[in-house]
Amino acid sequence: MNARKLRAEQTPQTSWPRDVSHEPRMTIGQVTEQVKTEFPAITVSKIRFLETEGLLSPYRSTTGYRKYSTADVERLRYILTEQRDSYRPLRVIRDQLRALDAGHEVERVPTARVVSDKGQTRLPSTDHISVRQLCDLTGTSKDDVEEFTKLGLLSPDLGGYFPTRSIRIVQHILTLRSEGIDPRNLRGVRQAAERHADIIDHSVSSIRARGRSGDVERARARSQELAEVTGELHREFLRLSIDRLAEG
């Protein structure tokens with residue numbers, strides 16, 4: 001039994017997903033093209049980086065060439081979706097994949113949906129969305145979006161499109177406004193986030209500057225991990241301050 005056939009037979013019992021083919025047939029270039037429509041920023045170097053981080057394990061031929069199966073592609077989609085929609089760091093996604101490999105269920109964070117003019121439901125598949133989509137996804141008005149933009153809470157690009165992550169930002173702003181917090185008072189939250197982003201970016205700049213293969217992706221992954229820890233630290237400080245105010 002050759003190595004390729006052995007891998008194709010053994011992998012379904014040990015790795016997720018199990019309901020699709022594990023036969024290695026595609027090159028890394030073909031995989032990139034297959035997912036590029038849904039994830040326009042995907043690159044060959046990004047896929048290779050995910051392999052070095054232990055999230056993907058493509059078949060290697062005797063000459064060292066990578067071959068990917070349909071299961072590998074679905075695994076890649078899972079990783080990229082978790083990064084895009086849930087902003088999960090790679091270490092968390094790695095743990096999720098290990099749980100899936102072991103046969104456990106992993107709770108997925110539901111993503112917002114857009115209802116088209118024909119009544120068909122679809123998911124945002126790009127990194128940026130229009131004002132109309134943002135309003136449809138959040139239930140807010142165009143006037144609100146314009147107000148939040150003037151306050152600096154939202155940042156459209158030159159074409160007037162917003163990062164998909166703006167969906168959650170608007171949802172949080174609307175929740176706080178419904179509780180009596182004026183959106184103008186949230187500008188400090190945005191400014192603090194930008195200061196923290198600068199600190200994180202400075203801490204990973206040496207990784208990015210090395211210029212070795214995968215260093216850009218490695219710096220991005222490290223930034224996401226540091227952002228998660230910084231967010232947790234902010235929450236703990238906030239809880240501590242609230243407790244002190246309640247005691248006083």
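Predicted model only: the values in this text are computed from it and were never measured. Residue positions are given per chain, counting from 1 as you read along its sequence in written order. pLDDT decides what is reported in this predicted model: residues at 70 or higher carry local features, side-chain atom pairs at 80 or more are listed and counted, and totals for whole chains, interfaces and linings draw on all residues regardless. Side-chain numbers come from the whole structure's heavy atoms, not from hydrogens or water.

### Here we look at the pattern of salt bridges
Salt bridge criterion: a side-chain nitrogen from Lys or Arg within 4 Å of a carboxyl oxygen from Asp or Glu. This model, assessed by the stated rule, comprises 22 salt bridges. The partner of E217 in a salt bridge is K46, with the nearest N and O atoms 3.6 Å apart. With a gap of 171 residues between them, E217 in helix α10 (residues 215–247) and K46 in helix α3 (residues 44–52) connect regions that are remote in the sequence. Each residue's exposure class comes from its accessible area (1.4 Å probe, protein chains only) as a fraction of the maximum for that residue type: buried when under 20%, exposed when over 50%, partly exposed otherwise. Given the relative accessible area of 8%, K46 is considered buried. R235 is the salt-bridge partner of E232, the closest N and O atoms lying 2.7 Å from each other. We count a stretch as a helix when DSSP gives it H or I for four or more residues in a row; a strand needs E for two or more, and each element gets its number in order from the N terminus.

### Let's talk about the side chain of D72
Note on placement: D72 falls in helix α4 (residues 70–86). What makes D72 buried here is its relative accessible area of 7%. Residues adjacent in sequence count toward polar contacts only when both atoms are side-chain atoms; beyond that, a polar contact is any pair of N or O atoms within 3.5 Å, and within protein one must be able to donate a hydrogen and the other to accept it. Polar contacts involving the side chain of D72 include one to the main-chain amide nitrogen of S69, which spans 2.9 Å.

### Looking at the packing of α3 against α10
Axis lines are fitted through C-alpha atoms, for helices just across the contact stretch, and the angle between N-to-C directions can take any value from 0 to 180 degrees. Their axes nearest at 9 Å, the elements α3 and α10 cross at an angle of 65°. Remark: the crossing between α3 and α10 carries right-handed chirality. Across the interface between the two elements, S45, K46, F49 and T52 from α3 touch E217, R218 and A221 from α10. All residues other than Ala, Val, Leu, Ile, Met, Phe, Trp, Tyr, Cys, Pro, Asp, Glu, Lys and Arg, Gly among them, are scored as polar; the first ten of these are nonpolar and the last four charged. Here the residues of the contact of α3 with α10 are counted per class, giving two nonpolar, two polar and three charged. Left-handed describes a crossing in which the near helix is turned anticlockwise from the far one by less than a right angle; the clockwise case is right-handed. Residues count as neighbours in contact if any of their non-hydrogen atoms are within 4.5 Å of one another.

### With respect to the packing of helix α7 (residues 142–150) against helix α8 (residues 166–178)
Following both chains from N to C, one finds α7 and α8 inclined at 95°, their axes separated by 12 Å at the closest point. Classified by the angle their axes make, α7 and α8 are roughly perpendicular. Here α7 contributes D144, E147 and F148 to the contact with α8, which in turn contributes V170, I173, L174 and R177. Taken together, the residues that form the contact of α7 with α8 break down as four nonpolar, no polar and three charged. What sets the label is the angle itself: under 35 degrees gives roughly parallel, over 145 gives roughly antiparallel, 65 to 115 gives roughly perpendicular, and the rest give oblique.

Read these as spatial facts, not as claims about activity.
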